[in-house]
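Residues per chain, in single letters:
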Amino acid sequence: MLGKEMMSIRNLVYALCLTLSSVVFSMVSPSWFGVWVGLEMNLFGALLFLVNNKKKTVTSAFKYYFVQSFGSSVMVMSIVLGGWMGEDAVLSGLICGLGVKLGAVPFHFWVVEVLDGIRPSCMWFVLAIQKVVPFCSVCQGFQGGWVLVALSGASAVVGSISGVGSTRLSRFAGYSSVAHTGWSLAACFGGQVVLLYYLLAYWVSLGGFLSLMGGDGYLSSVSGGSVRQSPFSLGISVWLLSLGGFPPFAGFCGKVVVLMHVMKWSPVLAFFLLGSSVTSWTYYLFVMSMSIIGGSKSVYPEWSDRSVVFVFLLAIPFLDFMELLL
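These numbers come from a predicted model, not from an experiment.

Visitor: Even after reading the chapter, I still don't get unusual backbone geometry, so can you show me in this structure?
Guide: Among all residues save glycine, negative phi is the norm, and among peptide bonds the norm is trans. For the bond running from Val105 to Pro106, omega is 10°, close enough to zero to count as cis. Inspection of the secondary structure puts Pro106 in the loop between α4 (87-102) and α5 (111-115). For the peptide bond that leads from Pro247 to Pro248, omega is 5°, which places it in the cis range. By secondary structure assignment, the location of Pro248 is in the loop between α11 (234-244) and α12 (250-265).

What follows is the structure in structure tokens.
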């Protein structure tokens, strides 16, 4: 038993080192080929996080590996064909490959399928750490253009609409991620500082929400005609407010900053972002109502009660920096 535990810790440390080193390697790389190499290293580190002794995690890891490899293949083909067909072919292929890796519409088909078989902690890893390099690459290479506008608007709208009615945690987190991917792509219009500002607000809110989740993985107390115990509490409800972008929480600050910068580039995109946000708000409020009516508790009640204070304290620095970024 001790040997297996030491093996697990060693694998975890190895995966962490491989993931962090690949992110640094991609960020400092002067060429797209170096970015691709770093993304491949990052993929193998992610697989060690996703897989455990359960069959569903192996299936999810295989799906994730297949999709990420497909995205990498598109990137490599665009680099090779670019020497024959010109710069436009390179840019089109690269942004499509990065769109696959990010799960942006119309390449979002894999997000929910992968999240369905993994733990909440792994969900956060896939939706946060694994998207650092693709987002920064898009921000550096495609800060403007109609392709970025189309990917951003479509992701925000499709993600918000598809999330309505979701009862499982994996579907809710997956489609919420697609919508936030649209907002994150829109943040690229403001540069890397605005992008990191929004991503930090989203990642912290998502991490707080997923850390309190448990039970059977259902969001509402009634699903499929059978009564289930919902793992919601006051803490999860407040984290949902931040994740949905309600004022005065961190998620709201991030959306305001992104919206102000998008208005300068594309008012049409700003309209779609606002529409998607209003659509998602209705379901966030529905989920909160179900949690209040059910009166159920989180699987970590002590941390849930304390985290409410943390959510409000977190909003203070985001409100301060919001004035500097507007």
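Visitor: Explanation requested: the confidence of the model for the protein in the structure shown.
Guide: Low-confidence regions, as indicated by low pLDDT, have predicted coordinates that should not be scrutinised in detail. The predicted model of the protein averages 79 in pLDDT, with 82% of residues at 70 or higher. Below a pLDDT of 50 lies the segment residues 1-7, which in the model reaches zero contacts outside its immediate sequence neighbourhood of four places, other chains included. In the predicted structure, residues 221-231 sits below a pLDDT of 50 and forms 25 contacts with residues beyond four places in sequence or in another chain.

Visitor: Can you help me understand the nonpolar core in this one?
Guide: Most often, soluble globular proteins keep nonpolar side chains buried together rather than apart. Within the largest apolar cluster, 92 residues are counted, with the highest numbers of intra-cluster contacts made by Phe209 and Leu240. Ranked by residues supplied to this core, first place goes to helix α10 (residues 192-211) with eleven residues.

Visitor: So what exactly am I meant to see when it comes to the pattern of salt bridges here?
Guide: Oppositely charged side chains may form a pair once their charged atoms are brought near each other. For the structure on display, the rule yields one salt bridge. A salt bridge links Glu113 to Lys63; its shortest N-O distance comes to 3.4 Å. Taken as a pair, Glu113 in helix α5 and Lys63 in helix α3 (residues 55-85) lie far apart in primary sequence, 50 residues in all. By relative accessible area, which is 44% here, Glu113 ends up partly exposed.

Visitor: Looking at this structure, how should I read a nonpolar patch on the surface?
Guide: A surface patch of nonpolar side chains, amounting to about 270 Å² of accessible area, comprises Val24, Met27 and Val28. Turning to its location among the elements, Val24 is positioned in helix α1 (residues 2-28).

Visitor: Explanation requested: the environment of Gly45 in the structure shown.
Guide: Inspection of the secondary structure puts Gly45 in helix α2 (residues 32-50). Between the C-alpha atom of Gly45 and that of Gln130, which follows or precedes it by 85 residues, the distance is 9.9 Å. Setting aside residues no more than four positions away along its own chain, Gly45 makes contact with Ala15, Leu18 and Thr19.

Visitor: Just to check I follow, could you spell out the packing of aromatic side chains for this structure?
Guide: Within a pair of aromatic rings, the relevant descriptors are the distance that separates the centres and the angle that separates the planes. Counted according to the given criterion, the structure contains twelve aromatic pairs. For the pair Tyr64 and Trp110, a centre-to-centre distance of 5.7 Å together with 65° between the ring planes defines the contact as edge-to-face. Of the two residues, Tyr64 is situated in helix α3 and Trp110 in the loop between α4 and α5; the sequence distance between them amounts to 46 residues. With relative accessibility at 2%, the residue Tyr64 sits in the buried group. For Trp110, a relative accessible area of 3% gives the class buried. Ring centres of Trp183 and Tyr198 lie 6.4 Å apart, and the angle between their planes is 15°; on these two criteria the pair is classed as stacked. Here the residue Trp183 occupies a position in helix α9 (residues 169-187), and Tyr198 occupies one in helix α10, the gap between them amounting to 15 residues. One exposure class covers both Trp183 and Tyr198, and it is buried. Chaining the aromatic ring pairs together yields one cluster made of Phe172, Phe209 and Tyr284.

Visitor: What am I meant to see in the environment of Gly174 here?
Guide: Looking at the element boundaries, Gly174 is found in helix α9. Measuring from C-alpha to C-alpha, the distance between Gly174 and Gly163 comes to 8.2 Å, with eleven residues separating the pair along the chain. If we skip the residues at most four places from it in the chain, Gly174 touches Val111, Val112 and Leu115.

Visitor: Looking at this structure, how should I read the environment of Ala250?
Guide: Tracing the backbone through its elements, the reader meets Ala250 in helix α12. Spatially, the C-alpha atoms of Ala250 and Tyr198 are 8.7 Å apart, while their sequence positions differ by 52 residues. The residues contacting Ala250, other than those within four sequence positions of it, are Ala201, Ser242, Leu314, Ala315 and Phe318.

Each value, and the rule that gives it
- Residues numbered from 1 in each chain as written.
- Predicted model: local features only at pLDDT ≥ 70, side-chain atom pairs only at ≥ 80, totals over all residues.
- Heavy atoms only, no water.
- Helix = DSSP H or I, 4+ residues; strand = E, 2+ residues; numbered from the N terminus.
- pLDDT = per-residue confidence, 0-100.
- Contact = heavy atoms within 4.5 Å.
- Core = buried A, V, L, I, M, F, W, Y, C linked by side-chain atoms within 4.5 Å.
- Buried < 20%, exposed > 50% of the residue type's maximum accessible area, 1.4 Å probe, protein only.
- Salt bridge = Lys/Arg side-chain N within 4 Å of Asp/Glu carboxyl O.
- Patch = residues over 30% accessible without salt bridge, like charges linked within 9 Å, V, L, I, M, F, W, Y side chains within 5 Å.
- Areas by Shrake-Rupley, 256 points an atom, 1.4 Å probe, with all protein chains shown as cover.
- Phe/Tyr/Trp six-rings, centres within 6.5 Å; stacked < 30°, edge-to-face > 60°.

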